[in-house]
Amino acid sequence: MTDVKKKLNYYGDKEGIRKATPLEIAKYKATRIGNRSVADLGCGIGVQLLEFAKVSRDVLGVELDRKYLEFCRKNLENSGLNNVKLVKGDALDSNIIKMTRNYEVINSDPSREKTGYVWNLNDLSPNPKEILRKYDQEDFSFDIPVRFSKKLLPGEPELEYVSLKGEPKRLIIYYGSLKNYELSAISLPSMERIIKGDEELTIPKTTIPETFIYDIDQIISIADLLSDFQKYVGKDFEILEESPQRLLITSNDNLRSSFVLGKYKVLKEYGSLQQLRKDLEKYDYGRIYIRFEIDPKYYYNLKKDLEFNALGIDDIFIFRFGSKYYTSMKEEN
Ligand SMILES: C[S@@+](CC[C@H](N)C(=O)[O-])C[C@H]1O[C@@H](n2cnc3c(N)ncnc32)[C@H](O)[C@@H]1O
């Protein structure tokens, strides 16, 4: 057993640390569940489990893999917490189910059985659908892949889309008395939340940027919350690009939110890249960033070509919308 004590002071091997719930998410989830007693099914090396133990009176960790359970035990010893029991076993086994009977909340951040896209809850272990079927409790929370189709979820859970430092990380589903909202997206660590409302506005699409181009956290698209985001920021904007890769919007206004990942002030429009290249001499630029889709094999050549005269200090970001190219500079939000 490779015993690596990694950053954040957890014992675990590479795989256990990779699979662990990110600490900021674990902390957030623990505060949301509060002081209720929790059984964590598939507790791994225990990052989430220990956060539960800091706020809950009584916590049980169930883990199938002996190696992870041992790491979890060491992490527990290291923490000095004394309200946690650990048990080795399959979360779907009837003896384990009996042991969890007195715990109010059943939580699980299951492993993906396969790599790539998860289409089905059967691809997760322990399987949330089976947990819901076999356990008697009413309060459950599960961490599932962020792009999971909500139509495939049993019952009517609360859907909470979680983004960490601008990266969509997971969909947490809550059942029973844990439900607070119907659907929302939360940005961590700021805890800013966009909540789904009843009224749906149609956001216009455009290929012509206004004063600013905004790069928006993809979680807003994934959770289908763009219209609610507009109500939340209270400013008009239009969609420049909404794709699985990115969400770009444009506005003449300042949009303030931790869901805004980048704000770019548009400098000038060009009919072609040649025209733009010629004009670059007028800029005091040091670096060029290509912000439009380009075959990766041409990316560095184009960047090098555009940086032919990069003797200055400014960073210039180049976008393309429709057939037009735009120079822009990043601004603090
Ligand atoms: C994503 S990891 C959980 C990480 C954990 N929350 C943490 O913070 O370290 C999922 C864990 O579930 C365990 N597991 C998978 N199937 C299980 C089952 N049927 N019963 C118990 N544990 C299981 C895996 O061994 C793995 O450690």
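Computed from a prediction, not measured in an experiment: that's the story for all the values here.

(A) Just the sheet that holds strand β20 (residues 324-331), in detail. Read across the open sheet, the 7 strands follow the order β15-β16-β14-β17-β20-β19-β18; overall the sheet is mixed. Looking at the sheet topology across the chains shown, the edges are occupied by β15 (238-242) and β18 (285-290). Averaged over all neighbouring strand pairs, the angle between strand axes comes to 35°, with direction disregarded. Relative to strand β16 (residues 247-251), strand β14 (residues 212-216) is paired through 5 bridges, and the arrangement is antiparallel. Bridging from a neighbouring strand, Phe212 pairs with Ser251 of β16.

(B) Local environment of the site of the ligand. Around the ligand, 25 residues are found, and the nearest of them are Ala20, Gly42, Gly44, Val47 and Ala91. Of the residues assigned to the shell around the ligand, the class counts are 13 nonpolar, 7 polar and 5 charged.

(C) Spotlight on unusual backbone geometry. A cis amide bond links Ser125 with the next residue in sequence, Pro126, at an omega value of -5°. The residue Pro126 is located in the loop between β8 (124-125) and α6 (128-134) in this model. Note the cis peptide between Leu188 and Pro189, where omega equals 10°. For Pro189, the position within the fold is in the loop between β12 (183-188) and β13 (192-195). The backbone phi angle of Met191 is positive, close to 70°, even though this residue is not glycine.

Analysis parameters
Residue numbers run consecutively from 1 along every chain, following the written order of its sequence. Side-chain atom pairs in this predicted model are given and counted only at pLDDT of 80 or more, local residue features only at pLDDT of at least 70, and totals for whole chains, interfaces and linings cover all residues. At least two DSSP bridges between two strands are needed for those strands to be called paired. Secondary structure counts use DSSP, requiring at least four H or I residues in a row for a helix and at least two E residues in a row for a strand, with both numbered from the N terminus. Interaxial angle, 0 to 180 degrees, is taken between N-to-C directions of lines fitted to C-alpha atoms, where a helix line uses only the stretch in contact. In this text, near has one meaning. A residue is near a molecule or strand if its C-beta atom, placed using the backbone, is within 6 Å of it. Note that Gly is not counted as nonpolar here; it falls among the polar residues with everything else outside the nonpolar set of Ala, Val, Leu, Ile, Met, Phe, Trp, Tyr, Cys and Pro and the charged set of Asp, Glu, Lys and Arg.

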